[in-house]
Amino acid sequence: MAEIRNGSTIKTIAFYLPQFHAIPENDKAWGKGFTEWTNTRKAKPLFDGHYQPKTPLNENYYNLLDDNVKVWQSNLAQKYGVFGFCYYHYWFKDGKQLLEKPAEQMLKNKMVTIPFCFSWANENWSKRWDGGNQELIAEQEYGYKEDWKQHLNYLLPFFKDERYITLDGKPIFLIYKPEEIPRLKEMLEYWQMEVKKAGFKGICFMIQNSSWYYTPTFNMEGFSYQIKFQPHDCIRYQSKNLDLVKKLQKVYFLLNKIHCGKFFASLRNKAVLAHRLNKVEKQDRREYEQSWETIIQSEARKEMIEGAFVDWDNTARKQNGMMHLNATPEKFEYYMKRLFRKIKEYDLLPVVFINAWNEWGEGAYLEPDTMHEYRYLEALKSAEKDAFIM
């Protein structure tokens with residue numbers, strides 16, 4: 001297994017988006033041949049100096065069903081110090097899956113040597129990129145023990161693979177928004193019981209991106225860690241309505257205990273959608289350095305895993321999206337060095353989740369592009385070298 005605590009280095013795990021091949025559901029919803037490249041290619045600059053469209057180096061608009069691409073990504077990432085990939089995993093009502101083929105092909109192809117883990121993106125798959133639940137493509141429904149067992153049985157061959165990332169011998173498994181799951185505690189306990197029958201010590205469950213900002217009252221039961229998913233976590237921290245968010249969080253978890261959380265989440269999504277539609281003409285523009293300073297200065301907690309982001313600009317998906325201004329590889333290297341020092345200073349878990357390896361539609365990618373070529377990867381390698389010799 002690929003154990004996080006092996007050695008003295010800080011491990012970097014990059015989130016990995018598999019939406020770079022066509023599937024029938026996306027063809028029907030968005031048009032024949034839709035992939036993440038569709039949005040990336042059609043992006044337009046919104047002001048002077050705005051870097052859009054973001055173009056992969058040598059116009060490498062790859063198809064992830066090509067095994068050679070996955071081998072190239074694996075070799076490139078490891079060359080520049082990326083420890084592993086965290087694949088987004090899409091599992092819906094009645095065991096329906098989407099975008100599962102790249103991971104399944106990787107499992108069979110031992111030439112893809114990079115360690116990996118999964119993050120269950122447990123949201124409805126819809127035609128809206130903003131988290132709303134209208135125009136569903138695939139509905140999220142969690143079922144009960146038979147459904148949970150079917151899901152776990154699918155995951156077990158991945159957990160058993162020697163490349164799967166573990167913490168203290170337990171395969172790590174992220175859940176994007178656990179608050180959406182009505183019988184969450186019962187489901188986690190059931191999975192722990194069943195996975196031990198399969199010969200494991202257990203599962204190390206981690207929270208990726210809870211809708212509610214983390215407070216000491218947050219229900220961590222069943223989870224070992226919560227990840228500071230960036231830049232989303234630092235943006236919530238900067239929110240002027242943070243006190244209100246904390247109060248709503250308490251209401252949410254109370255309702256979730258009596259299985260009304262899904263209804264509350266639906267109301268929340270509609271409110272968020274209405275708010276964003278009212279801001280259709282306005283982009284949310286933030287300073288790269290300001291967000292990174294928030295990340296560095298945020299409280300260090302043993303139950304929290306530090307996160308990082310390369311850049312963020314999702315206006316390729318929606319013009320009224322959010323972008324960070326004045327990002328450069330040099331700034332990324334500077335802040336990664338500071339983040340590594342923070343982890344060592346506070347003796348935190350030696351791992352950083354980076355957003356992302358290939359989120360091209362959100363402008364968050366380590367892969368080489370036309371403007372910067374390999375400089376972000378070189379910046380990461382330099383920052384890791386600095387952390388190692390400290």
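This write-up is about the structure you can find in this document. Each chain carries its own residue numbering, running from 1 in the direction its sequence is written. Where totals are concerned, whole chains, interfaces and linings use all residues; where local detail is concerned, this predicted model gives features only for residues with pLDDT of at least 70, and gives and counts side-chain atom pairs only at 80 or more. Note: side-chain values were computed over all heavy atoms of the structure, leaving out hydrogens and water.

Where charged atoms of side chains with opposite charge meet at close range, the side chains can pair. By definition, a salt bridge exists where a carboxyl oxygen of Asp or Glu is found within 4 Å of a side-chain nitrogen of Lys or Arg. Following the criterion strictly, the structure yields 27 salt bridges and no others. Two residues, Glu-139 and Lys-93, come together in a salt bridge whose shortest N-O distance is 4.0 Å. Of this pair, Glu-139 sits in the loop between strand E7 (136-138) and helix H5 (145-159) while Lys-93 is found in the loop between strand E3 (84-91) and strand E4 (97-98), placing the two residues 46 residues apart along the sequence. Whether a residue is buried, partly exposed or exposed follows from its accessible area with a 1.4 Å probe, protein chains only, as a fraction of its type maximum: under 20%, in between, or over 50%, in that order. Judged by relative accessible area, Lys-93 falls into the partly exposed class, the value being 36%. Residues joined in a network through salt bridges with shared partners are Glu-36, Arg-317, Glu-359 and Glu-362. Secondary structure elements are defined from DSSP: runs of H or I of at least 4 residues count as helices, runs of E of at least 2 residues count as strands, and each element is numbered from the N terminus.

Looking at the secondary structure, you find Gln-19 in the loop between strand E2 (11-16) and helix H1 (24-30). Given the relative accessible area of 3%, Gln-19 is considered buried. A distance of 2.8 Å separates the side chain of Gln-19 from the side chain of Asn-26, its partner in a polar contact. In protein, a polar contact requires one atom able to donate a hydrogen and another able to accept it; more generally it is a pair of N or O atoms within 3.5 Å, and residues adjacent in sequence count only if both atoms are side-chain atoms.

Let us now look at the environment of Tyr-346. Turning to its location among the elements, Tyr-346 is positioned in the loop between helix H11 (329-345) and strand E16 (351-355). Between the C-alpha atom of Tyr-346 and that of Lys-302, which follows or precedes it by 44 residues, the distance is 8.4 Å. In this structure Tyr-346 touches Ala-300 and Lys-302, once residues within four positions along its chain are discounted. Note on contacts: a residue pair qualifies if any of its non-hydrogen atoms lie within 4.5 Å across the two residues.

Time to look at the side chain of Glu-367. Relative to the elements of secondary structure, Glu-367 occurs in the loop between strand E18 (364-365) and helix H12 (375-389). This count recognises Lys and Arg as positive and Asp and Glu as negative, with His and chain-terminal groups excluded. Although Glu-367 is buried, it makes no salt bridge; Lys-70 carries the closest opposite charge, 12 Å away. A distance of 2.9 Å separates the side chain of Glu-367 from the side chain of Gln-73, its partner in a polar contact. With sequence-adjacent residues up to four places away left out, Glu-367 is seen in contact with Tyr-62, Trp-72, Gln-73, Trp-357, Asn-358 and Trp-360.

This part is about the nonpolar core. In this text, buried Ala, Val, Leu, Ile, Met, Phe, Trp, Tyr and Cys residues form a nonpolar core when linked through side-chain atoms within 4.5 Å. Grouped together as the largest cluster of nonpolar side chains are 113 residues, with contacts concentrated most on Ile-172, Phe-173, Trp-191, Trp-292, Met-336, Phe-353 and Leu-366. In terms of residue count, H5 provides more of this core than any other element does, 7 residues in total. Ignoring any residue separated from it by four or fewer positions in sequence, one finds Trp-191 in contact with Trp-120, Trp-148, His-151, Leu-152, Leu-155, Phe-173, Ile-203 and Phe-205.

The next point concerns the packing of aromatic side chains. Within 6.5 Å between ring centres, the rings of Phe, Tyr and Trp (the latter by its six-membered ring) count as paired, and their orientation is classed by plane angle as stacked under 30 degrees, edge-to-face over 60, tilted in between. For the structure shown, the criterion picks out 44 aromatic pairs. A ring pair is formed by Phe-205 and Phe-223, whose centres lie 6.2 Å apart and whose planes are at 70°; its orientation type is edge-to-face. You can see Phe-205 sitting in strand E10 (residues 204-207) and its partner Phe-223 sitting in the loop between E10 and strand E11 (225-227), a full 18 residues away along the chain. Under the relative-accessibility criterion, Phe-205 is labelled buried at 0%.

Note that every value here comes from positions in space, so none of it alone points to a role or purpose.
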